[in-house]
Amino acid sequence: MKYVKGTLMILGGVFFVAAVAIFIKVYFFDLKALWSLAATNTSIAYSDPRPWFIVTSVGLLLGGLLFGIGLALTRTTFATRYSRTRKEEKREEADKSGIHGASAAPKPVAAPKRRAGQVADKASGGHTGNAPQAGDIVPDEGGTPGPTTTH
């Protein structure tokens, strides 16, 4: 798109400069000759400047239009801007979810919390009561786990 943009701006500038040059030629030379003929009241053949004013007007309009379109165009194509937008959206989604192209690490499973007086499970099948046995680790009144003994 940058080549189209540059080409339109150059063409618009060329049309604009050419139209200004034609306008200067018609206004300062052809009209002065016409005014001098009208002032002397002579009937000499002259060229009518009105068509040149129309050509100048069209040239100025076309030059301004092409230059304006060239200024308004972007340097990148729609497909490039679209793909950039999609990549940015994916990056923002990854930032929000915390995943950056890799799978999430598994979270550690927390051990179940025991209440005071609850017996720890033993693989050997040990006892079935609620009273703590020797070697069981349960939280004491201070909230920190410690070994308990039976009397």
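Residues numbered from 1 in each chain as written. Predicted model: local features only at pLDDT ≥ 70, side-chain atom pairs only at ≥ 80, totals over all residues. Heavy atoms only, no water.

## Focus: the UniProt feature "transmembrane region" (unreviewed entry) in the chain
Our working rule: UniProt positions are given in the numbering used here, feature names are shortened, and annotations may be inferred rather than shown by experiment. The helix and strand labels rest on DSSP assignments: H or I over at least four residues marks a helix, E over at least two residues marks a strand, and numbering proceeds from the N terminus.
Sequence positions flagged by UniProt for "transmembrane region" (unreviewed entry) are, in local numbering, residues 7-28 and 52-74. Summarising residues 52-74: 91% helix, 0% strand, and an end-to-end C-alpha distance of 35 Å.

## A few points about the packing of helix 1 (residues 2-40) against helix 2 (residues 50-72)
Rule in force here: Where helices are involved, their axes are fitted lines through C-alpha atoms of the stretch in contact, as for all axes, and angles between N-to-C directions lie from 0 to 180°. Throughout, the term roughly parallel applies to angles under 35 degrees, roughly antiparallel to angles over 145, roughly perpendicular to angles from 65 to 115, and oblique to all others. Should the near helix be turned anticlockwise from the far one by less than a right angle, the crossing is termed left-handed; should it be turned clockwise, right-handed. Classification used: nonpolar for Ala, Val, Leu, Ile, Met, Phe, Trp, Tyr, Cys and Pro, charged for Asp, Glu, Lys and Arg, polar for all others including Gly.
Between helix 1 and helix 2, the least distance of the axes is 7 Å, while the angle of their chain directions is 155°. Regarding the angle of helix 1 to helix 2, the classification is roughly antiparallel. The chirality of how helix 1 crosses helix 2 is left-handed. Split into classes, the residues belonging to the contact of helix 1 with helix 2 amount to 20 nonpolar, 6 polar and 1 charged.

## Some points on a nonpolar patch on the surface
Rules: Note that patches include only residues with greater than 30% relative accessible area and no salt bridge, and the join distances are 9 Å for like charges and 5 Å for nonpolar side chains (Val, Leu, Ile, Met, Phe, Trp, Tyr). The Shrake-Rupley method, run with a 1.4 Å probe sphere, supplies the accessible areas, and residue values consider only the shown protein chains as cover. Should a side-chain nitrogen of Lys or Arg be within 4 Å of a carboxyl oxygen of Asp or Glu, the pair is scored as a salt bridge.
A cluster of nonpolar side chains, contributed by F16, V20, F23, I24, Y27, F28, F29, W35 and L60, occupies part of the molecular surface with about 850 Å² of accessible area. The greatest single-element share of the nonpolar patch, amounting to 8 residues, is contributed by helix 1.

## Comments concerning helix 1
For an α-helix, 3.6 residues make a turn, and residues three or four places apart therefore share a direction. Keep this limit in mind: Expected helix span is computed as 1.5 Å times (number of residues minus one). The cut-offs for exposure are 20% and 50% of the maximum accessible area for each residue type, with area from a 1.4 Å probe on protein chains only; residues under the lower value are buried, those over the upper are exposed, and the others partly exposed.
Over its 39 residues, helix 1 runs 56 Å from end to end, which matches the ideal 57 Å to within 8%, given 1.5 Å per residue. Where helix 1 is concerned, the buried positions are K5, L8, G12, A19, V26, D30, L31 and L37. The positive-phi residue at the C-terminal boundary of helix 1 is N41, with phi of around 55°.

## Examining the confidence of the model for the chain
For clarity, the threshold we go by: Confidence scores labelled pLDDT are given residue by residue by the predictor and lie between 0 and 100.
This prediction gives the chain a mean pLDDT of 76; 69% of its residues lie at or above 70. The least confident element of the chain, judged by mean pLDDT, is strand 2 (residues 145-147) at 56; the most confident is helix 2 at 90.

## Comments concerning the side chain of K5
Heads up, the condition is: Only four residue types enter the tally: Lys and Arg on the positive side, Asp and Glu on the negative side; His and the chain ends are excluded. Polar contact is defined as a pair of N or O atoms within 3.5 Å, subject to the rule that within protein one atom must be able to donate a hydrogen and the other to accept it, and that residues adjacent in sequence are counted only when both atoms are side-chain atoms. Residues are treated as being in contact if the distance between any of their heavy atoms lies within 4.5 Å.
By secondary structure assignment, the location of K5 is in helix 1. For the buried K5, no salt bridge exists, and the shortest N-O distance to an oppositely charged side chain is 22 Å, to E88. Among the polar contacts listed, one links the side chain of K5 to the backbone oxygen of L73, at a separation of 2.8 Å. Dropping the residues within four chain positions of it, K5 is found in contact with G70, L71, L73, T74 and R75.

## Quick notes on the packing of aromatic side chains
Where we set the bar: Pairing of aromatic rings covers Phe, Tyr and the six-membered ring of Trp, with a centre-to-centre limit of 6.5 Å; geometry is then stacked below 30 degrees between planes, edge-to-face above 60, and tilted otherwise. Definition used: whenever NZ (Lys) or CZ (Arg) falls within 6 Å of the ring centre and also within 35 degrees of the ring normal, the charge is taken to sit over that ring.
In total, this model carries 4 aromatic pairs according to the counting rule given. Taking the centre distance of 5.8 Å and the plane angle of 10° together, the rings of F23 and Y27 count as stacked. Of this pair, F23 and Y27 both sit in helix 1, 4 residues apart, roughly one helical turn. On the accessibility criterion, Y27 (34% relative accessible area) is partly exposed. The interplanar angle of 70° and the centroid separation of 6.1 Å between the aromatic rings of F23 and F53 together place this pair among those described as edge-to-face. One end of the pair, F23, is in helix 1; the other, F53, is in helix 2, with 30 residues separating them in the sequence. Accessibility expressed as a relative area gives 36% for F23, which makes it partly exposed. Residue F53 is classed as partly exposed on the basis of its relative accessible area of 26%. One aromatic cluster is present, built from ring pairs that chain together F23, Y27, F28 and F53. Across from the ring centre of W52, 5.7 Å away, lies the NZ or CZ of K25, which sits over that ring.

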